[in-house]
Structure formats: structure tokens, C-alpha cells
Amino acid sequence: MRRQTEGWTRAGLFTRGFGPEVRAGGPNVVLVHGLGLSGRYFVPLARRLAAGGASVLVPDLPGNVRSRSAARRAPGVGELAGALRRWHRELALGPSLLVANSVGCQVVAAFAARDPALVERVVLLGPALEPGVTGLRQCGRLMADAPREPLGLLAVAATDYLVTGPLRFAASFRHALRDAAESFEKQLARIEVPALVVRGSGDTVASRDWTRRLAGIVGDGRVAQVGGAAHAAHYSSPDAVADLIEKFMVGGRA
């Protein structure tokens, strides 16, 4: 069993791998990061899931950090989902558990709605950008969350934002706001596989009502909460989040 590769690039996306080699029948897990970030802040969760026997892959989406050169401009949510689909097919992963955080949840929703055969289950961690909430207020929610996160996460995020670049971040934010208002909930309603919506109890970005609403839109949706965690519960509480995911992977109620 390999614990972690040094990373490689497939279909234009830099990818980190953890656990055993990908195999038919899995369990294969794909972790999808949020706006302007990289897969680095998923490393604690990836290592924990790999220790439980899962094959875990963590791509940097095009236009972001180590996959920045894969896009000349900031891609829209649909374009990101398309790039993730090409990457998934090139790696021949088969049906996978998709786990996303924040705006990454919108990418995964678009992916799962369009390619249900490639998706076994979906986990949405702290889905952001609630429709009807202005961009300024969304930024305020994110700023309010920052003091609740570990310093290590803030260092990773600050570095990633600088590498992605402020102009691309701003353009990506506009794309994501548009998708949240026009497409996100419609895509969720098309998801036929079981979905788990998770939030940290101290998350100022994804409210309890919002996560419950999203779980209700999916045909087989459920909710869970991680006590003491904020927006990036997968970073601050990887064991608790991994426990929820592992129960969900085998069909149990989280």
C-alpha cells in the first residue's frame, strides 16, 4: 500500500494520490477542493481515508494552483465539471465517491448530474454560496469563518490564493455566484445517488438551514454535523469527517 505519491499530472490536472492503487470495485474516493484553492487542504482527510483502505485521489482543478496552466482564464463551474469528467475517464476510475468542499460542491453537483454512471455517492462538505445572498455578504461570511479555522489552514489557503491569483479568484467567484443562482439546485435535483451534506457546527458560510435544504433537494439526501468544526471541517476534524464518510460508503446512516 502506498501512503502518498509525489503527485502527477493527468488530463492536465495535477493530482495527489493516497492509499492503495485504484482498482475496480474500489473503494475509490475523489476529493474536490473549493474556490481558488488546491488539494493540499484535503491532505489530512485523504491520509485518514487511505489508512482505512480507500484509494484517494485529489486533483487541483484547472486554473488553480498546480493546475493553473491548464486553463488560460478562470473556468466556469460547468467547465470545471467537464475537466473533472475528462480526468476521471482518463484514469478509468469507475464509479467513485465524490467528496467536495465549499464551491467544489457545485462542481461535483454538475458532474454527478451529467455523468451519473461515474458516481457512486456524493458528500458535500460546507456547500457555499446560498442563492439570494449577495457576493459581499458571502465574503463577509467567509471572513467571519477565518478566525475559527486552524492557523495551518489559513497558511495553506493564503499561499494557494496567491498562486491562483486575485484576478482569477475574482472571476471564479463571479462564475460560482452565477451558477449558485441559476444551476446548483437544479443539478442537485438530478442526482440519483445517495448524498450526504455535512457542516461544521461553527460554520458561518454554510448554515444549518441551507444544508438541510440541499439534502432535501437530492432524492436520497441526508445531513450530518461535526461538532466544534468550522467551514473546513475536513481539515480541522479529519477523523470525525472520515468516520462519517466511511459509514456512508457502506450504506449506513451517517
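Residues numbered from 1 in each chain as written. Predicted model: local features only at pLDDT ≥ 70, side-chain atom pairs only at ≥ 80, totals over all residues. Heavy atoms only, no water.

Participant: I would appreciate a short explanation of the nonpolar core in the present structure.
Facilitator: One recurring pattern in soluble globular proteins is that nonpolar side chains are buried together. Within the largest apolar cluster, 36 residues are counted, with the highest numbers of intra-cluster contacts made by W87, V122 and L188. Those elements giving two or more residues to this core turn out to be β4 (28-32), α2 (77-90), β6 (96-101), α3 (104-114), β7 (119-125), α7 (184-189), β8 (195-200) and α8 (208-217). Ranked by residues supplied to this core, first place goes to α3 with seven residues. Not counting residues up to four positions away in its chain, the partners in contact with L188 are A109, L124, L214, I217 and V218. Counting residues in hydrophobic clusters, the runner-up holds 35 residues, among them V29, A46, A54 and F248. (Core = buried A, V, L, I, M, F, W, Y, C linked by side-chain atoms within 4.5 Å. Buried < 20%, exposed > 50% of the residue type's maximum accessible area, 1.4 Å probe, protein only. Helix = DSSP H or I, 4+ residues; strand = E, 2+ residues; numbered from the N terminus. Contact = heavy atoms within 4.5 Å.)

Participant: I tried to follow unusual backbone geometry on my own but got confused; where do I start?
Facilitator: The phi torsion of most residues other than glycine is negative, and most of the peptide bonds are trans. The phi angle at A11 is positive, at roughly 50°, despite the residue not being glycine. Within the secondary structure layout, A11 lies in the loop between β2 (8-10) and β3 (13-19). Residue A11 is classed as partly exposed on the basis of its relative accessible area, which comes to 36%. For L129, which is not a glycine, the phi torsion comes out positive at approximately 60°. Mapped onto the secondary structure, L129 falls in the loop between β7 and α4 (135-145). By relative accessible area, which is 4% here, L129 ends up buried.

Participant: Is there a simple way to explain helix α6 (residues 166-182) in this structure?
Facilitator: Since the α-helix packs 3.6 residues into each turn, any two residues three or four apart lie on the same face. With 17 residues, α6 should cover 24 Å at 1.5 Å per step; its first-to-last C-alpha distance of 24 Å lies within 8% of that length. Of all the positions in α6, only R168, A171, S172, F173, A176, D179 and A180 are classed as buried. (Expected span 1.5 Å × (residues − 1).)

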